[in-house]
Amino acid sequence: MKKVRKKFPLLLALALFVSIISACSGGNNDGSESQPASPDASLPAAVQSGESAKPTGPDTSEEVKLKMVLIGDGAPDAKAVYDELNKKLKQDINATVDVQFLSWADWSQKYQLLFSTGDDFDLIITATWAQFADNARKGAFYEITPDVLQKYAPRTHSDNLPEVLEAGKVEGKQYALPMNYHEITINGYVVRGDLMDKYGIASIDSIDDFEKYLDAVVKNEKGMVPWEGTNYDNWIIAKTQLEELREQYQPGNLGLRVDLNDPGAKIIDDIANPDQGAIDLYKRMADWNKKGYISKNALVNKVTSKDSFLSGKSAAFLTNLLEANATYQTVKANHPEWDVRFYPANTTKKVVANSFMANAMAINPKSKNPERALMLLDLLRNDEWYNQTTTFGLKGKHWDVSADGKLVLLPASQGYPPDAACPWGWRNEKYYLSPSDGLSNYDAVQTSYRGRAINTKLNNFAPNLENTKSQQAALKDVENQYELPLRLGFVKGDVESSYKTMIDKKKAAGQEKLIEDIQQQLNTLLGQ
Amino acid sequence: MHSKSSLIREWTKNKVLFLMVLPAVLYYFLFSYLPLAGMVLAFKSYRFDSGIFGSPWAGLRNFEFFFKSGKAWLITSNTVVYNVAFIVSGLILQLLVAIVVAEAAGRYVKKFMQTTLLFPFFLSWVVVGSFVYNLFNYDFGSINGMLKYFGIGSVDFYGNTDYWEYILVFFNNWKYIGYNSLIYLAVIVSIDRSLFEAAEIDGASIFQRIRTITLPLMIPTIMILLLLSIGNIFRGNFDLFYQIIGNNGLLFDATDVIDTYVFRSLIHSQDIGMSAAAGLYQSALCFAIIMLSNFIVKKIQPDYSLF
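Residues numbered from 1 in each chain as written. Chains lettered and ligands numbered in written order. Predicted model: local features only at pLDDT ≥ 70, side-chain atom pairs only at ≥ 80, totals over all residues. Heavy atoms only, no water.

1. Some details on unusual backbone geometry
All names here are of chain A.
At step 1: Located in the positive-phi region is Gln131, a residue other than glycine, with phi close to 55°.
At step 2: Mapped onto the fold, Gln131 is located in the loop between strand S3 (123-126) and helix H5 (132-137).
At step 3: Exposure remark for Gln131: the relative accessible area of 24% places this residue in the partly exposed category.
At step 4: Backbone geometry at Asn253 places phi at a positive 50°, although glycine is not the residue there.
At step 5: Note on placement: Asn253 falls in the loop between strand S9 (248-249) and strand S10 (258-259). (Helix = DSSP H or I, 4+ residues; strand = E, 2+ residues; numbered from the N terminus. Buried < 20%, exposed > 50% of the residue type's maximum accessible area, 1.4 Å probe, protein only.)

2. Let's talk about the packing of aromatic side chains
At step 1: Per the stated rule, a full pass over the model turns up 53 aromatic pairs over all chains.
At step 2: Plain terms: the ring middles of Phe170 of chain B and Phe171 of chain B are 5.2 Å apart, the flat faces sit at 90° to each other, and that makes the pair edge-to-face.
At step 3: An aromatic cluster of at least three residues, connected via ring pairs, comprises Trp104, Trp107, Tyr111, Phe115, Phe121, Trp129, Phe132, Phe141 and Trp424 of chain A together with Tyr46 and Phe48 of chain B.
At step 4: In this structure, Lys88 of chain A packs its charged tip against the face of Trp385 of chain A, placed 5.5 Å from the ring centre. (Phe/Tyr/Trp six-rings, centres within 6.5 Å; stacked < 30°, edge-to-face > 60°. Lys NZ or Arg CZ within 6 Å of the ring centre and 35° of its normal.)

3. What to know about the sheet that holds strand S8 (residues 225-227) of chain A
Residue and element names in this part refer to chain A.
At step 1: One open sheet accounts for four strands, arranged S8-S11-S7-S12; its pairing is mixed. Each end of this open sheet is capped by a strand with a single partner; those strands are S8 and strand S12 (340-344). Pairs of neighbouring strands in the sheet enclose a mean axial angle of 25°, with direction left out of account.
At step 2: Those strands touched by helix H10 (residues 207-220) are strand S7 (187-192), S8 and strand S11 (314-320), and its axis lies near 155° from that of S11. (Pairing = 2+ DSSP bridges. Axes fitted to C-alpha atoms, helices over the stretch in contact; angles between N-to-C directions. Contact = heavy atoms within 4.5 Å.)

4. A closer look at the UniProt feature "domain: DUF3502" (unreviewed entry) in chain A
At step 1: This chain's UniProt record puts "domain: DUF3502" (unreviewed entry) on residues 459-524 of chain A.
At step 2: Between the first and last C-alpha atoms of residues 459-524 of chain A the distance is 14 Å; the span itself is 71% helix and 0% strand. (UniProt positions renumbered as here; feature names shortened; annotations may be inferred.)

5. What to know about the nonpolar core
All names here are of chain A.
At step 1: Among the nonpolar cores identified, the biggest contains 82 residues, and Ile204, Phe210, Tyr213, Trp227, Trp288 and Ile518 are the most heavily contacted of them.
At step 2: Broken down by element, this core gets its largest block of residues, seven residues, from helix H12 (residues 276-291).
At step 3: The contact partners of Ile204, leaving out residues within four places of it in the chain, are Tyr189, Val191, Met196, Asp209, Phe210, Tyr213 and Tyr343.
At step 4: In terms of nonpolar packing, the next biggest core, distinct from the first, is built from 67 residues, Ile124, Tyr175, Ala360 and Leu394 among them. (Core = buried A, V, L, I, M, F, W, Y, C linked by side-chain atoms within 4.5 Å.)

6. Focus on the interface of chain B and chain A
At step 1: At the junction of the two partners, chain B supplies 58 residues and chain A supplies 50 residues.
At step 2: Between the two partners, chain B and chain A, sit four salt bridges.
At step 3: Viewed at the interface, chain A and chain B are joined by 15 residue pairs in polar contact (both at pLDDT 80 or more).
At step 4: Broken down by secondary-structure element, the contributors of at least two residues to the side of chain B that touches chain A are helix H1 (4-13), helix H2 (15-33), helix H4 (61-68), helix H7 (125-136), helix H12 (238-245), helix H13 (252-255), helix H14 (258-266) and helix H15 (272-300) of chain B.
At step 5: Counting residues per element, the side of chain B that touches chain A draws most heavily on H2 of chain B, at six residues.
At step 6: Each residue belonging to the side of chain B that touches chain A can be placed in one class, and the counts come to 26 nonpolar, 18 polar and 14 charged. (Salt bridge = Lys/Arg side-chain N within 4 Å of Asp/Glu carboxyl O. Polar contact = N/O pair within 3.5 Å; in protein donor to acceptor, adjacent residues only side chain to side chain. Nonpolar A, V, L, I, M, F, W, Y, C, P; charged D, E, K, R; others polar.)

Here is the structure:
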């Protein structure tokens, strides 16, 4: 009796299991569920809009709904903007698009899940910073063959630079359409002009000048933390001092540096030769930390450096030019007397432009309408109206163009701040406007960096991490536990021994194997 | 062994009982047994296009990262030590609270104690994390403010591993004490009052009554709850550790548990196979320890064992 009672749930479980499995496989069959064709007048509209007079235009007789996944917190007016876009989109390619934003707070968890759970989205943002190459190798993206590209995205195929498209390839196959924009990330110091003038600091041209500024603040401004040093800006200090100013570069952002002037791209091995430059920087940071230039809470602070700066609690932070400009505009409205200034960290050295894959769009391989998705991308990338509307909002409401062709923000732009609703994947140099009312040195800094930009094949490095993922994960932990505190000057004892501990831990975590594996891939890339 | 007819007889006889157990069986089947198949992921190199079962095998490579940095032992022992501390301190405090609340004279005193102790249970760890930060941070923390006021220098809590074992144990108890003591309280309340009355007439003091009546009658419940919590001894309370410690590398040696380590290592690669491997490692250890402890309990006192 007892045995039977035990068996019954098992039988039941089995029966259920079978029924669920069969339900699942049954569900797969209706993949080609068709929506009712809408025989309205929108059919010839593709020709009407003037953007495509193709002799054999793709068939758009069936109305489709596309779903696009973007990253960020969107914008209050995003819906209004996309509603407007959808009206035109319906006429042009007989489709509408529905946008879903993954918030910055948890995008990295949700992003990968979208692929593994088989979500029915059509388009998704991807980028080097979102593990593009790795995901592409795992079959996350639709392969855009040259024929398909030519047929459904003719303008991308013919107008975009070949190197742009090249960047979206992994092992020769096109998995994403990268942005059509030469992006250079310009990192530097954001400081307050009023404090600089007060303490007689003329300009910040180096980390020494920045140190003087922090010193003046800590000695004279009671109740103010000179530099919060949290999140992103402590990364920038290492990035600028150890890479940019030494003309070094990390191919594929794996924490491994090569010398830009070395044609063989040999990875610099910190285990064999301790990096004196890094030790010196960490010593400086330890000194800053001791003297109170850096907040003692830098490792645990839940407020970003930028927010702390905006609220007047701290006197400086590090960021890129675009963020600095946004900060400038915010502060100008609330505290014009602060006179926010931006000084780029790298004023003389070579600059590597970002890979075009720094932002891109890809298509879901499970999408029911990859063709229409591609047509939408073609419009977003190459059509002035689509491109600027998604980037800056509705012209006349959110923004306008000045006489000299610059971007003028209207008061309503708060509802759709430029570039905020994640139009990065289809950014186009032709239509991207620089702000008319920004930092005084905005254009000068841009020009200076562009003049120093160099091309390198390393930019398109799409590493295969399958064989080294254990090492990567273990190294990530070492970085968190040992490198991050060093970068902010939190050391027990002396810097040299802490540095040595970190190197030992990296060695134990398999840094050497990673170097060996990546070096081989780099050699293949460079054809050695 | 069993004929078909006995199965049917069983069914017709206990139809109602079977129906009663059905929801629970369904629940555990759907959410606990069905996902077991996903365990296979720990040995796979997951591909989006081939799915769970179609992906290529990876052997034991998914487990490597865990042992690579030499931290496997440290974080496993941290996890166990913290959980033992939580279980032991929690047990003592919860019993104490339950007994005091049960014996406390006035109705209002009782209600007041229960409500105040229960309240923290409803706060999320995110909230607790931010007020821990406001208590202990170096520049503006209230504790450092107080220390400064009394002329003692500030203490750099977030840069020093010495304090966190106590802080974590404290907050864990603070949060769960009210809720978990409810079960003990229910047991005490259900004890036959005449036993106490008889003891009182015989001249037993309150402590004697607690020692000889309350505690012995509570032992079966204590054992069950103890065994249940031992079953989770290899799982760190992620929320507790992550929200209070965060990404502060200075404290990791003293505060890192399996769950936080796995989270930090894999948050960038989001490798499903490796996360599954870590989960399997924990589950296997938990399974082993619960079988073992149940076996020991059964040897000593069969009535107290779980199964």
